[in-house]
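# Structural features, examined
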Amino acid sequence: MALGRGVAGLEAASPVNGDLGRLAELFLGAARPVAFTGAGVSTESGIPDFRSPGGLWDRFDPSEFTYRNFIGSVGGRRKYWDLGRVTYPVIRAARPSAAHVALAELHRLGRLDCCITQNIDDLHQRAGLPADKVIELHGNATRTRCLECGAAYTRDEVHAWLEASDEVPACPRCGGIVKPTTVLFGEAMPAAELREAERRARAADLCVVLGSSLVVYPAAYMPVHAKHAGATLAIVNLEPTPLDAQADLVIRDKAGAVMAAVVEEIRTGTARREPSERPEALERQPAP
Ligand SMILES: [Zn+2]
């Protein structure tokens, strides 16, 4: 753990490290805690960070997988789906990490307003976080839709088409272009999700960054919005981030290990308190 800022007295009350105890206290004391997750929580599930050295973009040229190329030609789409045949099974086979499980549990405990994520792998939902509590800034690789008629197809369906035929996937209903809901290079981020994420970030009184290096914009503005609106900012990431200097708490560790300990501390810490000392759970708080 780096940059410990233990609160006086907290260590004595907490069986875990001071930073973890402080993070647990922040969740317990917050009325609208928001999590912001990045690639780090997915790499803990075995999904490689495609941007890291030795990652996918060392073997494939990202400039070929733009939105423009996908929309512009059958050849562009063929290249995309060839890549997808390699990457999608990795996503499909991944299991939620300790961080995904911990966030779902925090929500069950009434200690999480929502999770804003840069990830596209559906693992927050598969861990049990309700879909309406997951705001996906970069889309979702497990869903596709027809750009002409709007018909939705699961990625599993499209993957089966790819396995069965050399044809580039087209909408069975209207012949239109079928596109994953993933945001491609050069594609605008989904407007409704972006608006909702900004609204939730500004309304938050605690923003906890998990496994994000905060270098991909505009997603990385969300913790900035939260901090500027008065939220406490905590960052849990293995590497330093550009926002560390603005953060109230920085923990340089794996998100899964940290969040599992935090959830355990919240469970046992809440149980240790007198009922009159227990913070109200979020369900009893009015929505912003
Ligand atoms: Zn269609």
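See the structure shown above.
Residues numbered from 1 in each chain as written. Predicted model: local features only at pLDDT ≥ 70, side-chain atom pairs only at ≥ 80, totals over all residues. Heavy atoms only, no water.

## Considerations on the environment of aspartate 82
One can find aspartate 82 in helix H6 (residues 74-93). Judged by relative accessible area, aspartate 82 falls into the partly exposed class, the value being 44%. Remark: the alpha-carbon pair of aspartate 82 and leucine 162, spanning 80 residues in sequence, is separated by 8.6 Å. (Helix = DSSP H or I, 4+ residues; strand = E, 2+ residues; numbered from the N terminus. Buried < 20%, exposed > 50% of the residue type's maximum accessible area, 1.4 Å probe, protein only.)

## With respect to the coordination of the zinc ion
Donor atoms from the polypeptide that coordinate the zinc ion comprise Cys146 (SG), Cys149 (SG), Cys171 (SG) and Cys174 (SG), at 2.3 Å from the metal. Of note is the zinc ion, whose four donor atoms meet at the metal with angles of 98 to 115° in an arrangement that counts as tetrahedral. Overall, cysteine 146 belongs to the buried group, its relative accessible area being 1%. The buried category is assigned to cysteine 171, whose relative accessible area is 4%. (Donors = N, O, S within 2.8 Å, 3.2 Å for Na, K, Ca; no water. Tetrahedral: all angles 85-135°; square planar, octahedral: opposite > 155°, others 65-115°.)

## Describing the sheet that holds strand S6 (residues 178-180)
The strand order across the open sheet formed by three strands is S5-S4-S6, and the pairing between neighbours is antiparallel. Strand pairing shows two members of the sheet lacking a second neighbour, strand S5 (152-154) and S6, which therefore form its edges. Averaged over all pairs of adjacent strands, the angle between their axes in this sheet comes to 30°, without regard to strand direction. Pairing analysis gives three bridges linking strand S4 (residues 143-146) to S5, with the strands arranged antiparallel. Looking across to S5, one finds that threonine 144 is bridged to tyrosine 153. (Pairing = 2+ DSSP bridges. Axes fitted to C-alpha atoms, helices over the stretch in contact; angles between N-to-C directions.)

## Quick notes on H6
Helix length check: H6, at 20 residues, gives a terminal C-alpha distance of 28 Å against a target of 28 Å (1.5 Å per residue), a fit within 8%. The largest bend in H6 comes to about 35°, at arginine 85, with the proline proline 89 one to four residues further on. Within the span of H6, buried status applies to Gly76, Arg77, Tyr80, Trp81, Leu83, Gly84, Thr87, Tyr88 and Ile91. (Expected span 1.5 Å × (residues − 1). Bend = angle between axes of the 7 residues up to and from the residue.)

## Quick notes on helix H7 (residues 98-108)
Among the 11 residues that make up H7, eight are buried, leaving the element largely enclosed by the rest of the structure. Looking only at H7, the buried set comprises Ala99, His100, Ala102, Leu103, Ala104, Glu105, Leu106 and His107. With its phi angle positive at about 75°, glycine 110 sits one or two positions after the end of H7.

## Some thoughts on the packing of aromatic side chains
One pair of aromatic rings is described through two measures. These are the centre distance and the angle between the planes. Within this structure, the stated rule accounts for five aromatic pairs. Look at phenylalanine 70 and tyrosine 80: their rings are 5.2 Å apart centre to centre, the planes differ by 85°, and that puts the pair in the edge-to-face class. Of this pair, phenylalanine 70 sits in helix H5 (residues 67-72) while tyrosine 80 sits in helix H6, and the two are 10 residues apart along the sequence. Tyrosine 80 matches phenylalanine 70 in its accessibility class, with the two residues each being buried. Both rings, one in tyrosine 153 and one in tryptophan 161, keep their centres 5.4 Å apart while their planes meet at 65°; by these two values the pair is edge-to-face. Pairwise contacts between aromatic rings join Phe70, Tyr80 and Trp81 into one cluster. (Phe/Tyr/Trp six-rings, centres within 6.5 Å; stacked < 30°, edge-to-face > 60°.)

## Let's talk about unusual backbone geometry
Residues tyrosine 217 and proline 218 are joined by a peptide bond in cis, for which omega reads 5°. As for its position among the elements, proline 218 is in the loop between strand S7 (206-210) and helix H11 (221-228). Even without being glycine, aspartate 122 reaches a positive phi, approximately 70°. Relative to the elements of secondary structure, aspartate 122 occurs in the loop between strand S2 (114-117) and helix H8 (123-126). On the accessibility criterion, aspartate 122 (14% relative accessible area) is buried. For leucine 214, which is not glycine, the phi dihedral falls at a positive 55°. Counting through the fold element by element, leucine 214 comes out in the loop between S7 and H11.

Honestly, it's all geometry; don't read function into it.
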